[in-house]
Amino acid sequence: MHPCLGIVDIQCQIFAWQHHGFDSSEVITYRKTLASVALTCRTLSENALDHLWRVQFTLGPLIKVMPPDLWTYSNADETAPVVTFIRPLTEADFVRFDHYASKVKDLRLGWLRLPKAVEVHEDVLCAFAIFRPARLFLPNVEELFVGAMSGLPPHHLRYYPCLLNNSIISITMNFKGASDPDALSILSAMARLCPKIEHLIVSNLSHRSSLAFNDLVLHFFHLKSLAGHRGVSFESARHLGTLTSLSKWKIEGSMDDIPGHSPDLELFEKTGLTTENGRFSAVNEMIIKSTSWDYPNFIVEGMKCPFQTLVVDIDSAKLSLSDDEKVEA
């Protein structure tokens, strides 16, 4: 082996990989290559393992490194295996789990479907959530993605607070089908456990959960991108306006969210949706979704940001454009 390959920085450059697509064959090939390197070369083994475990698409592999008398397959389908626990958890069960879990930096549940990927049964998540003394199961995770393809029923969200920690800087979560209590539980956990969040993207929140989301953002002071608002509360708008880090913001709403009818300076000041006095100083990309042009017009007129990117999404299913509006669009 060439001496250069013994340099850790060079190894990292070789193994570094970030998957942004949905090509499962590419993921499988990459992971098989890393596993082969880890098994055949002692010099490269540790770094290869670090990168192999860095991104996980299911919790199944972590459960399988735990003692074999703890878990079993709950189904006979080899194309979609599911693991479950067959006895109570003990502290001794986490020796190997902790070693590999500490390497996970990016957990992407529902990012894509991998053939024969080992999923976890609800009982596993429940056992983690109620385990005492409470522990950080994924202490170094920085990014958490929970998408529609996770294969887990929406009520599983109630257990996800056990996966959160104060090292997380990015959360993307789809709340489709989740009950309000489950959604409120994890939003509350984010506020308590994830103070360093920089990127927060949520979707399919109910009206009640959207109100809680407005309160949630008040706890974050390092946000760089934010998406999920369905009606911006005055308090959250005023808070976000003070953040010099916020550069990308996606909101959804209508004029029903704005008190009064005349979009004058006093109203902009009251709602906090203004760039007066240096507010929203770093926002350069904005996405506005509404059922009419009135709300985007109100936001843009009040913000007067030097947008590099401005996207206005008018829900065509709820709006019939006039000929003049079609020309403007």
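Worth saying up front: this structure is predicted, and the values here are computed from it rather than measured.

**Focus on the overall build of the protein chain**
Okay, step 1: Helices and strands together make up the secondary structure of the protein chain, namely twelve helices and twelve strands.
Okay, step 2: Across the 329 residues in the protein chain, those meeting the buried criterion constitute 44%.
Okay, step 3: Surface summary for the protein chain: the accessible area is close to 16700 Å², and the carbon and sulfur share equals 54%.

**Digging into the nonpolar core**
Okay, step 1: Grouped together as the largest cluster of nonpolar side chains are 85 residues, with contacts concentrated most on I63, F85, I171, F175, M190, L200 and W249.
Okay, step 2: Considering each element in turn, this core owes the most residues, six residues, to helix 7 (residues 180-193).
Okay, step 3: Residues within four places of I63 in sequence aside, it is in contact with W71, V83, F85, F97, V120, V124 and F128.
Okay, step 4: Counting eight residues, the second largest nonpolar core, distinct from the first, contains V27, L112, L114 and A117.

**Section: the packing of aromatic side chains**
Okay, step 1: This structure, assessed with the given rule, holds ten aromatic pairs.
Okay, step 2: Between F94 and F137 the ring centres are 5.8 Å apart and the planes differ by 45°, which places this aromatic pair in the tilted class. With F94 in the loop between strand 3 (82-85) and helix 5 (95-101) and F137 in the loop between helix 6 (122-130) and strand 6 (143-146), this residue pair connects regions lying 43 residues apart in the sequence. Taken individually, F94 and F137 each receive the classification buried, so the pair is uniform in this respect.
Okay, step 3: Over the ring of F94 we find R135; its NZ or CZ atom is 4.0 Å from the centre of that ring.

**Some details on the layout of surface pockets**
Okay, step 1: Empty space within the largest pocket amounts to approximately 560 Å³.
Okay, step 2: Taken together, 20 residues line the largest pocket, and the ones lying closest to its centre are R31, P61, L114, K116 and A117.
Okay, step 3: Mapped onto the lining of the largest pocket, the elements with two or more residues apiece are helix 2 (24-40), helix 3 (42-54), helix 4 (60-64) and helix 5.
Okay, step 4: The element best represented in the lining of the largest pocket is helix 2, accounting for four residues.
Okay, step 5: Counted by class, the lining of the largest pocket contains 13 nonpolar, two polar and five charged residues.

**Structural notes on the environment of T244**
Okay, step 1: Summarising the element assignment, T244 is placed in the loop between helix 9 (234-241) and strand 10 (248-252).
Okay, step 2: Judged by relative accessible area, which is 63%, T244 ranks as exposed.
Okay, step 3: Remark: the alpha-carbon pair of T244 and H222, spanning 22 residues in sequence, is separated by 8.4 Å.
Okay, step 4: Not counting residues within four places of it along the chain, the set of residues in contact with T244 comprises S281 and A282.

**Thoughts on the pattern of salt bridges**
Okay, step 1: Under the counting rule described, the total for this entry stands at nine salt bridges.
Okay, step 2: For the salt bridge of R87 with D69, the shortest nitrogen-to-oxygen distance reads 3.3 Å. Of the two residues, R87 sits in the loop between strand 3 and helix 5 while D69 sits in the loop between helix 4 and strand 2 (71-73), which places them 18 residues apart along the sequence.
Okay, step 3: What makes R87 partly exposed here is its relative accessible area of 26%.
Okay, step 4: Since its relative accessible area comes to 46%, D69 is described here as partly exposed.
Okay, step 5: Between E285 and K248 there is a salt bridge; the shortest N-O distance is 3.7 Å. Of this pair, E285 sits in strand 11 (residues 285-290) while K248 sits in strand 10; the two residues are 37 residues apart in sequence, bridging distant segments of the chain.

**Overview of the sheet that holds strand 12 (residues 309-314)**
Okay, step 1: The sheet built from nine strands is open, its strands ordered 1-4-6-7-8-9-10-11-12 with parallel pairing. Only two strands of the sheet have a single partner each, and these edge strands are strand 1 (55-56) and strand 12.
Okay, step 2: Bridge analysis of strand 9 (residues 225-230) against strand 10 gives five bridges, and the strand direction is parallel. Within strand 10, the residue paired with H229 across the bridge is I251.
Okay, step 3: The strands that helix 8 (residues 207-216) touches are strand 8 (199-203) and strand 9; relative to strand 9, the one it contacts most, it runs at about 140°.

**Points about the confidence of the model for the protein chain**
Okay, step 1: For the protein chain, the mean per-residue pLDDT works out to 82, and 81% of the residues sit at or above 70.
Okay, step 2: For residues 317-329, every residue scores under 50 in pLDDT, and the model assigns this stretch nine contacts once sequence neighbours within four places are set aside.

**Re helix 7**
Okay, step 1: Its 14 residues place the ends of helix 7 20 Å apart at the C-alpha level, agreeing with the 20 Å of an ideal helix rising 1.5 Å per residue.
Okay, step 2: Within helix 7, burial applies to D182, A183, I186, L187, A189, M190 and A191.
Okay, step 3: Elements in contact with the buried residues of helix 7: strand 7 (170-174), strand 8 and helix 8.

**A few points about the pairing of strand 8**
Okay, step 1: Where burial is concerned, the two faces of strand 8 differ: the one with L200 and V202 is buried and the one with H199, I201 and S203 is not.
Okay, step 2: The pairing of strand 7 with strand 8 spans five bridges and is parallel. Pairing of N174 across the sheet is with S203, part of strand 8.
Okay, step 3: A crossover connection joins strand 7 to the parallel strand 8 through helix 7; in handedness this β-α-β unit is right-handed.
Okay, step 4: Where strand 8 and strand 9 come together, three bridges link them in parallel fashion. Pairing of H199 across the sheet is with S225, part of strand 9.
Okay, step 5: Since strand 8 and strand 9 lie parallel, the crossover through helix 8 that links them has a hand, and here it is right-handed.

What counts as what
Residues numbered from 1 in each chain as written. Predicted model: local features only at pLDDT ≥ 70, side-chain atom pairs only at ≥ 80, totals over all residues. Heavy atoms only, no water. Helix = DSSP H or I, 4+ residues; strand = E, 2+ residues; numbered from the N terminus. Buried < 20%, exposed > 50% of the residue type's maximum accessible area, 1.4 Å probe, protein only. Areas by Shrake-Rupley, 256 points an atom, 1.4 Å probe, with all protein chains shown as cover. Core = buried A, V, L, I, M, F, W, Y, C linked by side-chain atoms within 4.5 Å. Contact = heavy atoms within 4.5 Å. Phe/Tyr/Trp six-rings, centres within 6.5 Å; stacked < 30°, edge-to-face > 60°. Lys NZ or Arg CZ within 6 Å of the ring centre and 35° of its normal. 1 Å grid on protein atoms, 1.4 Å probe; cavity = no way out; pocket = protein on both sides within 12 Å on 5 of 7 lines; lining within 4 Å. Points joined across faces, edges and corners; volume = space filled by probe spheres on them. Nonpolar A, V, L, I, M, F, W, Y, C, P; charged D, E, K, R; others polar. Salt bridge = Lys/Arg side-chain N within 4 Å of Asp/Glu carboxyl O. Pairing = 2+ DSSP bridges. Axes fitted to C-alpha atoms, helices over the stretch in contact; angles between N-to-C directions. pLDDT = per-residue confidence, 0-100. Expected span 1.5 Å × (residues − 1). Right-handed = clockwise from strand over helix to strand, strands pointing away.

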